[in-house]
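Coordinates in review
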Amino acid sequence: MEEEYWHPHPEPDRPPNSYEVSLYHPVDSNRHASVALTHEHRYALWFWANWANSSSPDVFSLDWHLDLAEPEKETQQAFQDFENLKKDDRTYYIWRYMSPYNDSHLLTAAWLGIIGNVWLVYKQRMRALDSIIDRLGNRHYIYKFRSLAEAIKHYKQHSQNRGVIWDIDLDYFTNSPEFIGGGDNVNRISDAEIARIVGPHAELPSVLLPHLIGLTIATEPFFCGGIKTMTQILNQVDEMLFTPSLLHHRCRWRFRPSQ
């Protein structure tokens, strides 16, 4: 019998510079959870729309930036019939009508009703909305934290254990004195610090993964201090979350729920 080899399945309608894989769920082996890796953070919306369907899961996001720009009027007009667009048209609309600064994906997703509430852990010193009314008149709350511990505590108290999308921008694992992040003095946090945040025995995965629908990872090399540093961060995050590696054909979650 000829040995069967694994082959990637290209999807021409998927956003450019992005990958997606469906893995057995880290807690429930009878279902799956998707993982998407993308260069442009706004394309996370494309994956969230595919995963959420009618469930409107919450989003828990780690990001250096306070990515809470409201969808502009042109975006709202273009996205009125978003759920009926073909996948390749969604890719084009996200590229054409969403902010090229990659800072409006959370509130656009909330405005569309794709997601529920948002927990955002960030480092940028800036103010933003506490809630948004979606196109159907429903309110979505935006909970913002500079402390991961406080975010986890609040999420455990108020999430109601509904489905969650975990969103990671790799620039979260950096420190920078600049108002917009990055810059000459950006530096990444240590591998040990990354492990305390996303490692298989860290508190955050133990809280989020039981209810996980999917994970999006935005690479953002410019704000990580360049390709080399971004790759180092991605390597450590990958090491903490997956084995043998994300996009390897035998990839699985490292996390195992405590008994």
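Below: a short report on this structure. (Residues numbered from 1 in each chain as written. Predicted model: local features only at pLDDT ≥ 70, side-chain atom pairs only at ≥ 80, totals over all residues. Heavy atoms only, no water.)

1. Structural notes on the overall build of the protein
Looking only at helices and strands, the protein features 9 helices and 12 strands. A compact globule built from 259 residues should have a C-alpha radius of gyration of about 18 Å, and the protein, at 18 Å, falls within 12% of that. For the protein, the spread of C-alpha atoms along the three principal axes comes to 55 × 45 × 40 Å. Going through the 259 residues of the protein one by one, you find that 51% of them count as buried. Summed over all atoms, the accessible surface of the protein reaches about 13300 Å², with 48% contributed by carbon and sulfur. Each charge class in the protein can be summarised by its mean position, and for the 25 positive and 33 negative side chains these summaries are 5 Å apart. (Helix = DSSP H or I, 4+ residues; strand = E, 2+ residues; numbered from the N terminus. Rg over C-alpha atoms; globule rule 2.2 N^0.38 Å. Buried < 20%, exposed > 50% of the residue type's maximum accessible area, 1.4 Å probe, protein only. Areas by Shrake-Rupley, 256 points an atom, 1.4 Å probe, with all protein chains shown as cover. Lys, Arg positive; Asp, Glu negative; His and termini not counted. Charge placed at Lys NZ, Arg CZ, Asp CG, Glu CD.)

2. Some words on the pattern of salt bridges
Per the stated rule, a full pass over the model turns up 9 salt bridges. Note that Arg135 is salt-bridged to Glu83, the shortest N-O span being 2.9 Å. One end of the pair, Arg135, is in the loop between strand 5 (131–133) and strand 6 (139–145); the other, Glu83, is in the loop between helix 2 (73–78) and helix 3 (87–97), with 52 residues separating them in the sequence. Between Asp191 and Arg188 there is a salt bridge, with the nearest N and O atoms lying 2.9 Å from each other. Among the residues examined, Asp191 registers a relative accessible area of 34% and is labelled partly exposed. (Salt bridge = Lys/Arg side-chain N within 4 Å of Asp/Glu carboxyl O.)

3. Notes on the pairing of strand 6
When strand 4 (residues 118–121) meets strand 6, the two strands line up parallel, connected through 4 bridges. In the sheet register, Val121 faces strand 6, and the bridge partner there is Phe145. Two elements, strand 5 and strand 6, share 3 bridges in a ladder whose sense is antiparallel. Directly across from Ile132, in strand 6, lies its bridge partner His140. From the end of strand 5 to the start of strand 6, which pair antiparallel, there are 5 residues, and Gly137 there has a positive phi angle of about 90°. (Pairing = 2+ DSSP bridges.)

4. Overview of the side chain of Arg90
Position of Arg90 relative to the elements: it lies in helix 3. At 6.6 Å, Glu83 is the nearest oppositely charged side chain to Arg90, a buried residue that forms no salt bridge. A distance of 3.4 Å separates polar atoms of two side chains, one belonging to Arg90 and the other to Asn50. Dropping the residues within four chain positions of it, Arg90 is found in contact with Trp46, Ala49, Asn50, Phe82, Glu83 and Leu85. (Polar contact = N/O pair within 3.5 Å; in protein donor to acceptor, adjacent residues only side chain to side chain. Contact = heavy atoms within 4.5 Å.)

5. Considerations on unusual backbone geometry
The residue after Thr243, namely Pro244, is reached through a cis peptide bond having omega 0°. Positive phi, normally seen in glycine, also occurs at Asn17, with a value near 55°. By the element assignment, Asn17 lies in the segment before strand 1 (18–24).

6. Here's the deal with helix 4 (residues 105–112)
The element helix 4 is extensively covered by neighbouring structure, given that 8 of its 8 residues are classed as buried. The elements touched by buried residues of helix 4 are helix 1 (44–52), strand 3 (58–62), helix 2, strand 4, strand 5 and strand 6. Looking one or two places after helix 4, you find Gly113, whose phi comes out positive at around 80°.

7. Things to note about the sheet that holds strand 4
As a general point, the strands of a sheet are linked pairwise by backbone hydrogen bonds and lie either parallel or antiparallel. The strand order across the open sheet formed by 8 strands is 1-2-10-7-3-4-6-5, and the pairing between neighbours is mixed. Of all strands in the sheet, those with a lone pairing partner are strand 1 and strand 5, marking the two edges. On average, each strand axis in the sheet is tilted by 15° relative to the strand beside it, whichever way the strands run. The pairing of strand 2 (residues 32–38) with strand 10 (residues 212–218) spans 5 bridges and is classified as parallel. Within the sheet, the bridge partner assigned to Thr38 lies in strand 10 and is Ala218. Seen against the sheet, helix 4 touches strand 3, strand 4, strand 5 and strand 6 and runs at an angle of roughly 40° to strand 5. (Axes fitted to C-alpha atoms, helices over the stretch in contact; angles between N-to-C directions.)

Don't take any of this as a statement about function, it's just geometry.
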